[in-house]
Amino acid sequence: MIEKRPFDSLGHADHGWLNARHHFSFANYYDPDRMGWGAIRVWNDDEIAANSGFPPHPHRDMEIITYVRTGAITHQDSMGNTGRTGAGDVQVMSAGTGVRHAEYNLEPETTTLFQIWVEPRASGGAPSWGAKPFPKGARSGRFVTLASGYDEDGDALRIRADARVLGATLKAGERATYTVGEGRHAYLVPAIGRIEIDGASFDARDGAALTGGTYEIVAIEDAEIVLVDAD
C-alpha cells in the first residue's frame, strides 16, 4: 500500500523565523488520521531563518533525528555537546530520561531540514547525541543506512529504536528498490526532485506512507530521498 501525502496537504505553521510543515500531528496541527506511522511520530519539514533557531527546551523518551537539506544547524545541549551539521549530514539525539537542547541556524542563509521523531523501544536510559557526515556520492543509486537501532548497521549513527533512517541519491532515470518487511511501517520523502513509486508520482517534499512489500522508486528528476523504516 502507498498512501500519498502531498506537500500542500501537510500541517503548516509560519512563525516568521520558522516556516514549518508537519507530515504528522504536531503542536497546534491536529489530524486524527495523521497521528503517526508505526513508531514514527513526527516528520517536520522546517525552514529556519538566518541567525535564528530553537532556544533551549526539554525532551524525554524520544529518538530525534535531524537531516539537514540546505545550510547547517548548530546543536547545543545540557550534556555539554556542541556541533554543526551541514547539508546532507545527520545528527541524532536520544532524549532518554531527559535532556535540554537548542538548535540554531548561525548561517547567513536559511537552513532547511527534516526533523524526525521515532518512539524508542524502551523508555529511560541516559541521553546521548551524535552527528556524522554522509557524503552523497556514497549513496548514489542506492539506499544507505544513516541511523539505526540495529547492531548490524555498524557504520550508522545509533538510535534506540527498532528503526532505520536511510538516504539515497538518484540521477534522473535511475531506479532503486526497497522492501518493507511485513508488519513494518516506512515513510519516504524526496528532499529534492520528482520521483515515482510503483508508477505513482511524488513531487519534492511530498510524503509516502508504505506498508509491507517491495517498491520500485524511479527518479523522474535528479532526486535526494530520505526514508524511515520502523516498527
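Report follows, based on the coordinates. (Residues numbered from 1 in each chain as written. Predicted model: local features only at pLDDT ≥ 70, side-chain atom pairs only at ≥ 80, totals over all residues. Heavy atoms only, no water.)

This brings us to the sheet that holds strand β13 (residues 144–148). Here seven strands make up an open sheet; going across it, the order is β1-β20-β17-β22-β15-β13-β14 and the pairing mixed. Each edge of the sheet is formed by a strand with only one pairing partner; in this case those strands are β1 (2–5) and β14 (157–158). (Pairing = 2+ DSSP bridges. Helix = DSSP H or I, 4+ residues; strand = E, 2+ residues; numbered from the N terminus.)

Below, the discussion takes up the pairing of strand β20 (residues 207–210). With burial as the criterion, each face of β20 is covered, one bearing Gly207 and Ala209 and the other bearing Ala208 and Leu210. Pairing of β1 with β20, which is carried by four bridges, proceeds in the antiparallel orientation. Within β20, the residue paired with Lys4 across the bridge is Ala208. (Buried < 20%, exposed > 50% of the residue type's maximum accessible area, 1.4 Å probe, protein only.)

Position of Gly71 among the secondary structure elements: in the loop between β6 (63–70) and β7 (72–77). Once you skip the residues sitting within four places of it in the chain, Gly71 turns out to touch Thr85, Gly86, Ala87, Glu109, Thr110 and Thr111. (Contact = heavy atoms within 4.5 Å.)

Moving on, we come to the nonpolar core. Core analysis: the biggest nonpolar cluster contains 28 residues, and Trp43, Ile65, Val90, Phe114, Ile116, Val118 and Tyr187 have the highest contact counts within it. Secondary-structure elements contributing two or more residues to this core are β4 (40–48), β6, β9 (90–94), β11 (111–118), β13, β15 (163–170), β17 (185–192) and β22 (223–230). Those residues within four positions of Ile116 in sequence are excluded, and the remaining contacts are Val42, Trp43, Glu63, Ile64, Ile65, Val226 and Val228. (Core = buried A, V, L, I, M, F, W, Y, C linked by side-chain atoms within 4.5 Å.)

A word on the pattern of salt bridges. Taken as a whole, this structure holds 15 salt bridges when the rule is applied. Of the charged contacts in the structure, one is a salt bridge between Asp162 and Arg121, with a shortest N-O distance of 3.0 Å. On the criterion of sequence distance, the pair formed by Asp162 in the loop between β14 and β15 and Arg121 in the loop between β11 and β12 (128–132) is long-range, its members being 41 residues apart. A relative accessible area of 43% places Arg121 in the partly exposed class. Between Arg164 and Asp153 there is a salt bridge, with the nearest N and O atoms lying 2.5 Å from each other. Highlighted residues: Arg164 in strand β15 and Asp153 in the loop between β13 and β14, separated in sequence by 11 residues. A single salt-bridge network, built from bridges that share partners, covers Asp45, Glu47, Arg69 and Arg205. (Salt bridge = Lys/Arg side-chain N within 4 Å of Asp/Glu carboxyl O.)

Turning our attention to the packing of aromatic side chains. To describe a pair of aromatic rings, one takes the distance between the centres and the angle between the planes. For the coordinates displayed, the defined rule picks out seven aromatic pairs. With centroids separated by 5.1 Å and ring planes inclined at 80°, the aromatic side chains of Trp17 and Phe54 adopt a geometry described as edge-to-face. Pair noted here: Trp17 is in the loop between β2 (11–14) and β3 (18–22) and Phe54 is in strand β5 (residues 52–59), with a separation of 37 residues, a long-range link. On the basis of relative accessible area, Phe54 is assigned to the buried category, the value being 18%. With a centroid separation of 5.5 Å and 65° between ring planes, the pair formed by Phe143 and Tyr178 is classed as edge-to-face. Of this pair, Phe143 sits in the loop between β12 and β13 while Tyr178 sits in strand β16 (residues 175–180); the two residues are 35 residues apart in sequence, bridging distant segments of the chain. The pair formed by Phe143 and Tyr178 is uniform in burial state, with each residue classed as buried. The structure contains a cluster of three or more aromatic residues connected by ring pairs, namely Phe24, Trp43, Tyr67, Phe114 and Tyr187. (Phe/Tyr/Trp six-rings, centres within 6.5 Å; stacked < 30°, edge-to-face > 60°.)

Positive phi, close to 55°, is recorded for Ala27, a residue that is not glycine. Considering the arrangement of structural elements, one finds Ala27 in the loop between β3 and β4. The class of Ala27 is exposed, set by a relative accessible area of 67%. Phi is positive for Arg205, which is not a glycine, with a value near 75°. Its relative accessible area of 18% is what places Arg205 among the buried residues.

Quick look at the sheet that holds strand β18 (residues 195–197) now. Reading across from one edge, β16-β21-β18-β19 is the order of the four strands in this open sheet, with antiparallel pairing throughout. Of all strands in the sheet, those bounded by a partner on one side alone are β16 and β19 (200–202). Here the average twist between neighbouring strands, direction ignored, is 25°. Pairing analysis gives three bridges linking β18 to strand β21 (residues 213–219), with the strands arranged antiparallel. Bridge pairing in β21 places Glu196 opposite Val218. (Axes fitted to C-alpha atoms, helices over the stretch in contact; angles between N-to-C directions.)

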